[in-house]
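Coordinates in review
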Amino acid sequence: MSMLEIKNFGKRFTIHHLGKTMQAVEHIDFSLETGEFIGIVGKSGSGKSTILKSIYRTYLPDAGRLLYYSERFGSIDLAEATEREILYLRQYEIGYVSQFLNVMPRTTSRQLVEKALLEMGEAEEVARREAEQALTHFELDPKLWDTYPTTFSGGEKLRLNIAMATVKKPRLLLLDEPTASLDQQSKEKVRDIIKKLKANGTTLVGIFHDIEFMDGLCDKVFDMKRRSFIMEKQGVAHEG
Ligand SMILES: Nc1ncnc2c1ncn2[C@@H]1O[C@H](COP(=O)(O)OP(=O)(O)OP(=O)(O)O)[C@@H](O)[C@H]1O
């Protein structure tokens, strides 16, 4: 069953001070089956993040359909879903990890991960235990657990971001350069989590500049230039 079907997706931006619109991306079509992991590759500015942000509805798509198969709502076009539906999906079904940490003020890193679990309806003790496990897995120094992440390093923020998103075991996880500022050891930790989530049925769409990281992890690679898959399972090349 398709978990996500992108049909003729396009997004334009209005550059207000120039009074112009700019086509960031257009004519994108691909679909993902449940439990698949798709990597998106393409040069800088080709629109990779715009696709992910539109699926998460940070951006409102202006052409095409983004059909997501929701546990709660059944088939739903993310381009047309109500704000309420989107809030529900972000809380329970769709996760997004970027390089940038967007967190509530005066909330410690431990509280942030716990909150993610409490939102899912976990009991407090379970949330506490699983939050500690996640922070430990991503090797966030325990000294930082009860501090505010505003002063964290880039890698620490990113590891916290990944912990917050993955602890919820979302049905669909969007990864926008989640390994950008990580050392090799932290990258391996992200790899472990991706494998575990995948084994548990999470469907993933990821952008990685690090092609090696994608190797053996992605089922398909979508190339923005060709607007098609260039690799499907076991490295079999599909031209066109
Ligand atoms: N909010 C926005 N307002 C105006 N233009 C935008 C906005 N977001 C993205 N763009 C433009 O849309 C185009 C695609 O950007 P996007 O970030 O999706 O590219 P990308 O492929 O992810 O690039 P990179 O690999 O450098 O992160 C770029 O030209 C960018 O300047």
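See the structure above.
What counts, and where the lines are drawn
- Residues numbered from 1 in each chain as written.
- Predicted model: local features only at pLDDT ≥ 70, side-chain atom pairs only at ≥ 80, totals over all residues.
- Heavy atoms only, no water.
- Phe/Tyr/Trp six-rings, centres within 6.5 Å; stacked < 30°, edge-to-face > 60°.
- Helix = DSSP H or I, 4+ residues; strand = E, 2+ residues; numbered from the N terminus.
- Buried < 20%, exposed > 50% of the residue type's maximum accessible area, 1.4 Å probe, protein only.
- Near = heavy atom within 4 Å.
- Polar contact = N/O pair within 3.5 Å; in protein donor to acceptor, adjacent residues only side chain to side chain.
- Areas by Shrake-Rupley, 256 points an atom, 1.4 Å probe, with all protein chains shown as cover.
- Nonpolar A, V, L, I, M, F, W, Y, C, P; charged D, E, K, R; others polar.
- Contact = heavy atoms within 4.5 Å.
- Pairing = 2+ DSSP bridges.

Another point: the packing of aromatic side chains. Applying the stated rule across the entire model yields 9 aromatic pairs. An angle of 50° between the planes, with centres 4.9 Å apart, marks the rings of Phe30 and Phe222 as tilted. With Phe30 in strand β2 (residues 20–33) and Phe222 in strand β9 (residues 220–223), this residue pair connects regions lying 192 residues apart in the sequence. Pair check on accessibility: Phe30 and Phe222 agree, each one buried. When the centroid spacing of 5.6 Å and the interplanar angle of 80° are considered together, the rings of Phe222 and Phe229 count as edge-to-face.

Turning our attention to the site of the ligand. Near the ligand there are 13 residues, and of these Ser44, Gly45, Lys48, Ser49 and Thr50 occur at the shortest range. One of the backbone nitrogen or oxygen atoms of Gly45 is found 2.9 Å away from an oxygen atom of the ligand. Within the contact set of the ligand, an oxygen atom lies 2.8 Å away from a side-chain nitrogen or oxygen of Lys48. Starting from 640 Å² of accessible surface for the ligand in isolation, the protein chains cover 64%. When residues of the shell around the ligand are assigned to their parent elements, the largest contribution, 3 residues, is made by helix α1 (residues 48–55). Among the residues forming the shell around the ligand, the class breakdown is 4 nonpolar, 7 polar and 2 charged.

Residue placement: Thr179 occurs in the loop between β7 (172–176) and α6 (184–199). Overall, Thr179 belongs to the buried group, its relative accessible area being 4%. Non-local contacts of Thr179, meaning those with residues more than four positions away in its chain, are made with Leu158, Lys187, Val190, Phe208 and Phe213.

To continue, consider the pairing of strand β10 (residues 228–232). In the sheet, β9 pairs with β10 via 4 bridges, with the strands oriented antiparallel. Its bridge partner lying in β10, Asp223 is registered against Ser228. The antiparallel hairpin formed by β9 and β10 contains 4 residues in its connecting segment, where Arg227 sits at a positive phi of about 55°.

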